[in-house]
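# Chains, contacts and geometry: an overview
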Amino acid sequence: MENLIELDKKHFIHPTSSIQQQQANGAKVIIEKGEGIYLTDRNGSVFIDAMSSLWNVNIGHGREELADAAAEQMKKLAFSSAFSTFSHEPAIKLAEKIASITPVGLNAVFFTSGGSESNDSAIKLVRHYWKIQDQPNRRKIVALKRGYHGVAAASTSVTGIPEFWEMAGHMMTDFTHADSLYGKDTEKAITSLRHTIEVEGPETIAAFLAEPVQGAGGVLIPPADYFKEIRQLCDEYGILFIADEVITGFGRTGKMFGMENWGVIPDMMTFAKGVTSGYIPLGGVIVSDYIHHVLKEKSAGTLFHGFTYSGHPTAAAVALKNIEIIEQEGLVENSRKMGGELLKGFKKMKEDLDIVGDVRTIGLLGAVELVQDPDTNKRFSPDLKVASKVIEALHERGVICRPVTFDSTDIICFSPPLIMNQTQVNTLVEKLHDAVLSVQKQLVNSSII
Ligand code: PLP
């Protein structure tokens, strides 16, 4: 058998990874197969994919219907341009379908190949919108600390995690970040946002951009009033509101789109990941009827923004089949129901163990925080790498999960496929319980707790 580990080291620069760690240790897992909620590596070890890979494989792995939809479309028309006056049925049908499932008043879609391109596109579109509205000074984008929006030029800068800007220097101008909701204090977060807007100058701000639930920031679920207040604040200052639904779209939070949990309609929504359940790259921006109206009235000449793969016919055909499966199998409802069951399991675990802090879910998006003292929420020293140890213990027990450790937190994130059933939820919770207990014992043995 070819030595894939050596070839990987020699030729493959991995995304969001440590190149030195790869060279020292090689790829730890080489996945070969996916079926349902499970991934199998080339040694035959089976894992629960408790993150849906990168929060995206919403309908689970190995669905032949999607492979068939791709094959059928490829045989008929694998690719053709959507630039200028060309169009094709799959993209038209997908735009119509997305308009029919997004909140009212969002009906026109610009397609991309992923989340980063979607956020860059949204940012360019809002700036264009203000330019043709004779307010070219409205260029700034306000976002939130701990927000993650991707790694293209503008999406890196709108991301509120400094490590991403520092990798290649610094972030671009005209981006700023208010406090995130970590801590659940709506009033404090809204005050920070208002302050940021006033310091920057509302007449210079094009849009506020945020995830309905900050995912990579640690699954931060806002309280009921948060987005209503944000919407009011944006309206007060005439600022557009862009919701980044890249993780939260397509059923993840127990609603088709995350923002529906707060009954708030943004001016634009960006999406990717779950639109195809990751079977093929696709993303997009959906814009409000008003923005679309302004574009139709005032965007003279060519809109100089378009990707070769904007509206890719094969990707569109896969997305249509994926959305059909989400609807026909009631996966939005299942996400809500199983998310509730997952939370019950987390809460029981919190009662039984000593190092479990806040636990939360919204649909099948959840987090478990590990803390030194759950009563005071005192965190562990980052040197102890508690979250990473739990991830390692989970791995040994056949679960793939993800830690978040910004700002000295130890958060374990969960985003399993929306097809999870009760037995699988129970197994996941049992394995998590066991993994956390094993790390807790280590901490007791080293007299840390
Ligand atoms: N927005 C959010 C909320 C994300 O979580 C991600 C990726 O994880 C992105 C945008 C970027 O998407 P992509 O990696 O497809 O460019």
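Up top is the structure.
Thresholds, definitions, all that
- Residues numbered from 1 in each chain as written.
- Predicted model: local features only at pLDDT ≥ 70, side-chain atom pairs only at ≥ 80, totals over all residues.
- Heavy atoms only, no water.
- Helix = DSSP H or I, 4+ residues; strand = E, 2+ residues; numbered from the N terminus.
- Rg over C-alpha atoms; globule rule 2.2 N^0.38 Å.
- Buried < 20%, exposed > 50% of the residue type's maximum accessible area, 1.4 Å probe, protein only.
- Contact = heavy atoms within 4.5 Å.
- Areas by Shrake-Rupley, 256 points an atom, 1.4 Å probe, with all protein chains shown as cover.
- Lys, Arg positive; Asp, Glu negative; His and termini not counted.
- Charge placed at Lys NZ, Arg CZ, Asp CG, Glu CD.
- Salt bridge = Lys/Arg side-chain N within 4 Å of Asp/Glu carboxyl O.
- Pairing = 2+ DSSP bridges.
- Axes fitted to C-alpha atoms, helices over the stretch in contact; angles between N-to-C directions.
- Phe/Tyr/Trp six-rings, centres within 6.5 Å; stacked < 30°, edge-to-face > 60°.
- Lys NZ or Arg CZ within 6 Å of the ring centre and 35° of its normal.
- Near = heavy atom within 4 Å.
- Polar contact = N/O pair within 3.5 Å; in protein donor to acceptor, adjacent residues only side chain to side chain.
- Expected span 1.5 Å × (residues − 1).

### Some thoughts on the overall build of the protein
- The number of helices and strands found in the protein is 15 helices and 15 strands.
- Over its C-alpha atoms the protein spans a radius of gyration of 22 Å, differing by no more than 12% from the 22 Å that the globule rule assigns to 449 residues.
- Along the first, second and third principal axes, the C-alpha set of the protein runs to 70 × 55 × 45 Å.
- A burial count over the protein gives 53% of its 449 residues as buried.
- If you take every contact in the protein between residues at least 6 apart in sequence, the share linking residues at least 24 apart comes to 72%.
- Total accessible area on the protein is roughly 20200 Å²; 53% of this is exposed by carbon and sulfur atoms.
- In the protein, 44 side chains carry a positive charge and 55 a negative one; their mean positions are 1 Å apart.

### Focus on the pattern of salt bridges
- Scanning all chains against the criterion turns up 22 salt bridges.
- The closest approach of N and O atoms between Lys28 and Glu392, which form a salt bridge, is 2.9 Å. Taken together, the residues Lys28 in the loop between helix 2 (19-25) and strand 1 (31-35) and Glu392 in helix 14 (residues 386-396) connect sequence positions 364 residues apart.
- A salt bridge links Asp174 to Arg139; the nearest nitrogen and oxygen atoms lie 3.3 Å apart. A residue pair is termed long-range when its members are at least 10 positions apart, and Asp174 in the loop between helix 8 (162-166) and strand 6 (175-178) and Arg139 in the loop between helix 6 (115-132) and strand 5 (140-144) qualify at 35 residues.
- Each member of the salt-bridge network shares a partner with another, and the members are Arg63, Glu65 and Glu329.

### Section: the sheet that holds strand 14 (residues 402-404)
- Strand order in this open sheet of 4 strands is 11-12-15-14, and the pairing throughout is antiparallel. Looking at which strands have only one partner, the edges of the open sheet turn out to be strand 11 (356-361) and strand 14. Taking each pair of neighbouring strands and ignoring which way they run, the sheet shows an average axis angle of 20 degrees.
- Note: strand 14 against strand 15 (residues 411-414), 3 bridges, orientation antiparallel. Pairing of Pro403 across the sheet is with Ile412, part of strand 15.

### Here's the deal with the packing of aromatic side chains
- Within the structure shown, the criterion is met by 10 aromatic pairs.
- Aromatic ring contacts, followed pair by pair, group Phe208, Tyr226, Phe227, Phe241 and Trp262 into a single cluster.
- Arg138 extends its terminal NZ or CZ atom over the ring of Trp130, reaching a point 4.6 Å from the ring centre.

### Quick look at the site of the ligand
- Within the structure, the ligand sits among Gly114, Gly115, Ser116, Asn119, Tyr148, His149, Gly150, Glu211, Asp244, Val246, Ile247 and Lys273.
- In this structure, Gly115 approaches the ligand through a main-chain N or O atom, which is 2.9 Å from an oxygen atom.
- One of the side-chain N or O atoms of Ser116 is found 2.5 Å from an oxygen atom in the ligand.
- Counting residues per element, the shell around the ligand draws most heavily on helix 6, which supplies 3 residues.

### Focus on the pairing of strand 15
- Side chains Ile411 and Cys413 project from strand 15 onto one buried face, and the interleaved Ile412 and Phe414 project onto a second face that is buried too.
- The hairpin turn running from strand 14 into strand 15, its antiparallel successor, is 6 residues long, and Asp407 in that turn takes a positive phi close to 50 degrees.

### So, helix 12 (residues 313-328)
- End to end, helix 12 covers 22 Å across 16 residues, agreeing with the expected 22 Å (1.5 Å per residue, within 8%).
- All of the buried residues in helix 12 are Pro313, Thr314, Ala315, Ala316, Ala317, Val318, Ala319, Asn322, Ile323, Ile325 and Ile326.
- Those residues of helix 12 hidden inside the fold are in contact with helix 4 (64-77), helix 5 (89-101) and helix 13 (331-352).
- The positive-phi residue at the C-terminal boundary of helix 12 is Gly330, with phi of around 60 degrees.

### As for the pairing of strand 2 (residues 38-41)
- Going residue by residue along strand 2, you find Leu39 and Asp41 tucked away on one face and Tyr38 and Thr40 left uncovered on the opposite face.
- Two strands pair when backbone bridges link them, and strand 1 and strand 2 are joined in this way by 4 bridges, in the antiparallel orientation. Within strand 2, the residue paired with Ile31 across the bridge is Asp41.
- Where strand 1 hands over to strand 2, the hairpin turn is made up of 2 residues, of which Gly36 adopts a positive phi near 60 degrees.
- Here 3 bridges tie strand 2 to strand 3 (residues 46-49), and the two strands are oriented antiparallel to one another. Pairing of Leu39 across the sheet is with Phe47, part of strand 3.
- The hairpin formed by strand 2 and strand 3 contains 4 residues between the paired strands, and Gly44 there has a positive phi angle of roughly 90 degrees.

### Some details on unusual backbone geometry
- In the Ramachandran plot, Phe250 falls in the positive-phi region, its phi being about 65 degrees despite a non-glycine side chain.
- Looking at the secondary structure, you find Phe250 in the loop between strand 8 (240-244) and strand 9 (268-271).

Remember, this is a structural readout, not a statement about activity or role.
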